[in-house]
Amino acid sequence: MNAVLPNRTINQLDYSGKIKAQHLNRKAIIYIRQSTLQQVQRHQESTRLQYGLADKAVLLGWPRSDIEIIDEDLGCSGSTMAGRQGFQRLVTEVGLDHVGLVLGLEMSRLSRSSRDWYQLLEVCAIFSTLIGDMDGIYDPSLYNDRLLLGLKGTMSEAELHILKQRMLEGKRAKARRGELGMPVAMGFVRQLSGLIVKDPDEQAQSVIARVFDLFERKRTINGVLLELVSQQIQMPHRVSGGLNKGDLVWRRPNRVTLSNLLHNPIYAGAYAYGRRPTDPRKKIPGRPATGRTVAGINDWEVLIKAHHPAYISWSQYERNVRQLQANTAQAFGVVRKGAALLSGLLICGRCGLRMAPHYSKQAGQYRYCCDRMRLDYGEAACQSLAGLTLDDYVTAQIFKALQPAALEISLAAAEDQAAERQQQQKFWLQRLERAHIDTARAARQYHAVEPENRLVARTLERQWEETLNAELELKAHYEQFLLKQPAVLSEEERVAIRHLAQDIPTLWQAETTTAMDRQTIVRQLIERILVTVIDNTEKVQTEIHWYGGHITQAWLDRPVAKLEQMADYPAMMARVKELQSQGRTPAQIAEKLNSEGWKPPKRRQTFNAPMVRCLLNRQGIRIGTQKQQHTATIPLGADEWTLKALANELKMPEPTLYAWIKKGHVSARQIEVNARSFWIITANQHELEQLRKLRAVKRTWVKPAAEPID
């Protein structure tokens, strides 16, 4: 062999004789890796040693032209092969039988994962590729070398876990003492001693406190955001790095910032660690910040209350978190613009699922439906009822609950309005003060420059003019604000507040009171409402669960589509027949039914004479009217019906059948008899069956357009 390859002699370093011609005929790969970019910058000696392995490969017999250096993985962790392009290329080259030797400073540089390490060993054993480090040369196809390489890989992986565990335990121990330094949220600063204190800027403190006050009233992030924008309030941020590190800058509010602020326990004076644990299943290789999840309060590793000054109490923080959770689509959801008063509060008494409002094409018409199982599993809809009936009952119960507190409500409303105006006044004064400070600073800088240095003086003069104009513009806006909303409530405003608070129904129905306002009030008083429709009749059982534990139970009558759905339909029909047998006219029967408390299924609250005639017709009792005498002379052909006759045959209201004519569901024509117009409908037995099926089809309700979720 040496005679054939005189220039590729085996060096004395290969004391085991493992390097053969088949290895020297292929290239040698030097694999270089450092775990992090910080190690690459600070531990340069290790990098130089790894690059120096090329000289060792030369001593082992490889010419420099056959030595390849793979250094793409500098700054990558060896805990996984994902994200390490260099290691993947190394395995590919070995699998293509291009490599005779893989050389690394130590085994831990190649991999710290047993899975990746044994994959490399298997491929090297199949293609007779040697592996070398500072201790020697190994042949993975030999049992002893394979055993030694396996032990080295296992120790390398264990070393990584031990180092991680040691550092993580030290980090946790420091966190349990509340001393682990983490970036503080806006409104706080960390002193050199490590203590967390409120931002020394009073305006920054006021803005943070303002956010929590607004959330107490608005209950949604979107409501807080719109209020901040309308009042031109910006959020205080401390620059975290760079030349301006520590400076206070003001940025416009946004939804993400407000959400983080309301969820962060630091504002309740608590030190928390472990709020965002990492889920290995969601972690993306090469991106350390991925895989974060949100843990519940009970799952936090460390929680130290009263650790530093607070903006809110811990109980208020818990209320805010519960409210944010209730605003999600999986819970009650946020208040909506729709007319449905009880959106998110209704629970089906049959299946226990939440009922949702479905709006019809007619303005102001909606139903509460339990159709979750129908949407998810294709089952039949559970139950539904008209929304206005239930909303009116709940509204009456709310008026009854609020009536004893009318005086307290008026006083609280006046105090809240006065406090709100004082807060707005405070923010305007702070903004004016800051603008005046900026103007004064620009003036001092201008006066401090040398008069002959006009190059600088002109720039400073322009800056002074800009700050002065900004201050004057802000003063003009402040004067406009005072004209619209004086700082103190006038006596007329106080009287108006007292009057409206004492007349709660008028305030409830006022044009300035929106559907969202009414929903917000209901959610402050009622926790949930259980609704059960009894056997598809007009009877509805309701349970109102108030906050505080009180429960109000009641029975309601809902509108139904058919007389047969009414629970007392047989008794009512018997009563009508009994009254008719006594010689009473339809008008007298209607008056008697109304006095006894009988009610029709829908549209009206009382009976009238035509409705009584319809009830008698259902029992085969015909009471003629002048109009019916005319209809009796109407010439009818085969399979022809009058509107009334067909309505009686199909057991449906005449207005509904007339609507079918307009929609083209039935074939009809109009004729004149004795100066009267009548509809003649053509329908054979097959068409009658089709109409009965159409009558049996349940109505469908159209959901409103989806509202945005907070």
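**As for the overall build of the protein**
Now for step 1: For the protein, the helix and strand inventory stands at 26 helices and 21 strands.
Now for step 2: In the protein, which comprises 710 residues, the share counted as buried stands at 40%.
Now for step 3: Partitioning the intrachain contacts of the protein with sequence separation of at least 6 by distance along the chain shows that 62% fall at a separation of at least 24.

**A few points about the sheet that holds strand E14 (residues 366-370)**
Now for step 1: Strand order in this open sheet of three strands is E13-E14-E15, and the pairing throughout is antiparallel. The open sheet has two edge strands, strand E13 (356-359) and strand E15 (383-386), and neither has a second partner. Between one strand axis and the next, the sheet turns by 30 degrees as a mean value, whatever way the strands run.
Now for step 2: Bridge analysis of E13 against E14 gives four bridges, and the strand direction is antiparallel. Across the sheet, the residue bridging to Tyr359 is Tyr366, located in E14.
Now for step 3: Most of the contacts of helix H14 (residues 387-402) go to E14, to which it runs at about 95 degrees, and overall it touches E14 and E15.

**A few points about the packing of aromatic side chains**
Each aromatic ring pair is characterised by the separation of its centres together with the angle its planes make.
Now for step 1: Applying the stated criterion to the full structure yields 10 aromatic pairs.
Now for step 2: Here Phe188 and Tyr267 contribute two aromatic rings whose centre-to-centre distance is 5.5 Å and whose plane-to-plane angle is 50 degrees, an arrangement assigned as tilted. On the criterion of sequence distance, the pair formed by Phe188 in strand E6 (residues 188-190) and Tyr267 in the loop between helix H11 (255-263) and strand E10 (271-273) is long-range, its members being 79 residues apart.
Now for step 3: On the basis of relative accessible area, Tyr267 is assigned to the buried category, the value being 1%.
Now for step 4: When the ring of Tyr446 is compared with that of Trp464, the centres are 5.4 Å apart and the planes differ by 40 degrees; the resulting orientation is tilted. With Tyr446 in helix H15 (residues 406-448) and Trp464 in helix H16 (residues 454-484), this residue pair connects regions lying 18 residues apart in the sequence.

**Re the sheet that holds strand E16 (residues 526-533)**
Hydrogen bonds between backbone groups are what pair the strands of a sheet, and the pairing can be parallel or antiparallel.
Now for step 1: Taking strand neighbours across the sheet as the criterion, the four strands line up as E12-E16-E17-E18 in an open arrangement whose pairing is mixed. Single-partner strands in this sheet number two, and they are strand E12 (346-348) and strand E18 (551-557). Along the sheet, successive strands turn relative to each other by an average axial angle of 25 degrees, direction set aside.
Now for step 2: Pairing analysis gives seven bridges linking strand E17 (residues 539-546) to E18, with the strands arranged antiparallel. Residue pairing in the sheet places Glu543 in a bridge with Gln553 of E18.
Now for step 3: Strands in contact with H14 are E12, E16, E17 and E18; relative to E17, the strand with the most contacts, it is inclined by about 35 degrees.
Now for step 4: In the packing of helix H19 (residues 515-525) onto the sheet, contacts are made with E16 and E17, and the angle to E16 comes to roughly 95 degrees.

**Overview of a positive patch on the surface**
Now for step 1: Together, Lys164, Lys171, Arg276, Lys283 and Arg292 line one region of the surface with positive charge.
Now for step 2: Within the fold, Arg292 resides in the loop between E10 and strand E11 (302-304).
Now for step 3: Looking at Arg292, the relative accessible area reads 45%, which means it is partly exposed.

**A short note on the pattern of salt bridges**
Now for step 1: Counted under the stated rule, the structure contains 33 salt bridges.
Now for step 2: Ionic pairing is found between Arg319 and Glu216, a salt bridge with its closest N-O pair at 3.7 Å. Here Glu216 lies in helix H9 (residues 202-218) and Arg319 lies in helix H12 (residues 314-326), a separation of 103 residues in the sequence.
Now for step 3: The exposure class of Arg319 is partly exposed, given its relative accessible area of 35%.
Now for step 4: A relative accessible area of 28% means that Glu216 is categorised as partly exposed.
Now for step 5: A single network of salt bridges, built from pairs that share partners, joins Lys27, Glu68, Glu72, Arg89 and Glu93.

**Considering the packing of helix H20 (residues 569-581) against helix H21 (residues 586-595)**
Now for step 1: The contact between H20 and H21 brings their axes to 10 Å, and the two run at 135 degrees. Classified by the angle between their axes, H20 and H21 sit oblique to one another. Crossing of H20 against H21: the hand is right-handed. Counted together, Arg575, Val576, Leu579 and Gln580 of H20 and Ile589, Lys592 and Leu593 of H21 form the full contact between these two elements.
Now for step 2: Tallied by class, the residues present in the contact of H20 with H21 amount to four nonpolar, one polar and two charged.

**Re H20**
Think of an α-helix as turning once every 3.6 residues; residues three or four places apart then point the same way.
Now for step 1: Over its 13 residues, H20 extends 18 Å from the first C-alpha to the last, a length consistent with the 18 Å expected when each residue adds 1.5 Å.
Now for step 2: In the segment just after H20, Gly583 is the residue with positive phi, at about 85 degrees.

**Notes on the environment of Leu388**
Now for step 1: As for its position among the elements, Leu388 is in helix H14.
Now for step 2: For Leu388, a relative accessible area of 37% corresponds to the partly exposed category.
Now for step 3: For the pair formed by Leu388 and Ala340, sequence separation is 48 residues and the distance between their alpha carbons is 8.1 Å.
Now for step 4: Leave out the neighbours within four places in its chain, and Leu388 touches Gly364, Gln365 and Tyr366.

**A word on the nonpolar core**
Now for step 1: By size, the foremost hydrophobic cluster in this structure holds 32 residues, and its most contacted members are Ile208, Phe212, Leu228, Met235, Leu258, Leu261 and Tyr267.
Now for step 2: For this core, the elements supplying multiple residues, two or more each, are H9, helix H10 (221-230), H11 and H12.
Now for step 3: With six residues, the top contributor of residues to this core is H9.
Now for step 4: Those residues in contact with Tyr267, other than ones at most four positions away along the chain, are Ala185, Met186, Phe188, Ile208, Phe212, Leu261, Ala310, Tyr311 and Ile312.
Now for step 5: If you look at the next biggest cluster of nonpolar residues, it comprises 30 residues, including Leu385, Phe399, Trp508 and Trp546.

**Focus on the environment of Gln203**
Now for step 1: On the secondary structure map, Gln203 appears in helix H9.
Now for step 2: A residue is classified by how much of its surface remains accessible, and Gln203, at 10% relative accessible area, is buried.
Now for step 3: Along the primary structure Gln203 and Arg431 are separated by 228 residues, whereas in three dimensions their C-alpha atoms are 8.0 Å apart.

Rules behind the numbers
- Residues numbered from 1 in each chain as written.
- Predicted model: local features only at pLDDT ≥ 70, side-chain atom pairs only at ≥ 80, totals over all residues.
- Heavy atoms only, no water.
- Helix = DSSP H or I, 4+ residues; strand = E, 2+ residues; numbered from the N terminus.
- Buried < 20%, exposed > 50% of the residue type's maximum accessible area, 1.4 Å probe, protein only.
- Contact = heavy atoms within 4.5 Å.
- Pairing = 2+ DSSP bridges.
- Axes fitted to C-alpha atoms, helices over the stretch in contact; angles between N-to-C directions.
- Phe/Tyr/Trp six-rings, centres within 6.5 Å; stacked < 30°, edge-to-face > 60°.
- Patch = residues over 30% accessible without salt bridge, like charges linked within 9 Å, V, L, I, M, F, W, Y side chains within 5 Å.
- Areas by Shrake-Rupley, 256 points an atom, 1.4 Å probe, with all protein chains shown as cover.
- Salt bridge = Lys/Arg side-chain N within 4 Å of Asp/Glu carboxyl O.
- Lys, Arg positive; Asp, Glu negative; His and termini not counted.
- Charge placed at Lys NZ, Arg CZ, Asp CG, Glu CD.
- Parallel < 35°, antiparallel > 145°, perpendicular 65-115°, else oblique.
- Left-handed = near helix turned anticlockwise from the far one by under 90°.
- Nonpolar A, V, L, I, M, F, W, Y, C, P; charged D, E, K, R; others polar.
- Expected span 1.5 Å × (residues − 1).
- Core = buried A, V, L, I, M, F, W, Y, C linked by side-chain atoms within 4.5 Å.

Function cannot be inferred from these measures alone, as they are strictly geometric.
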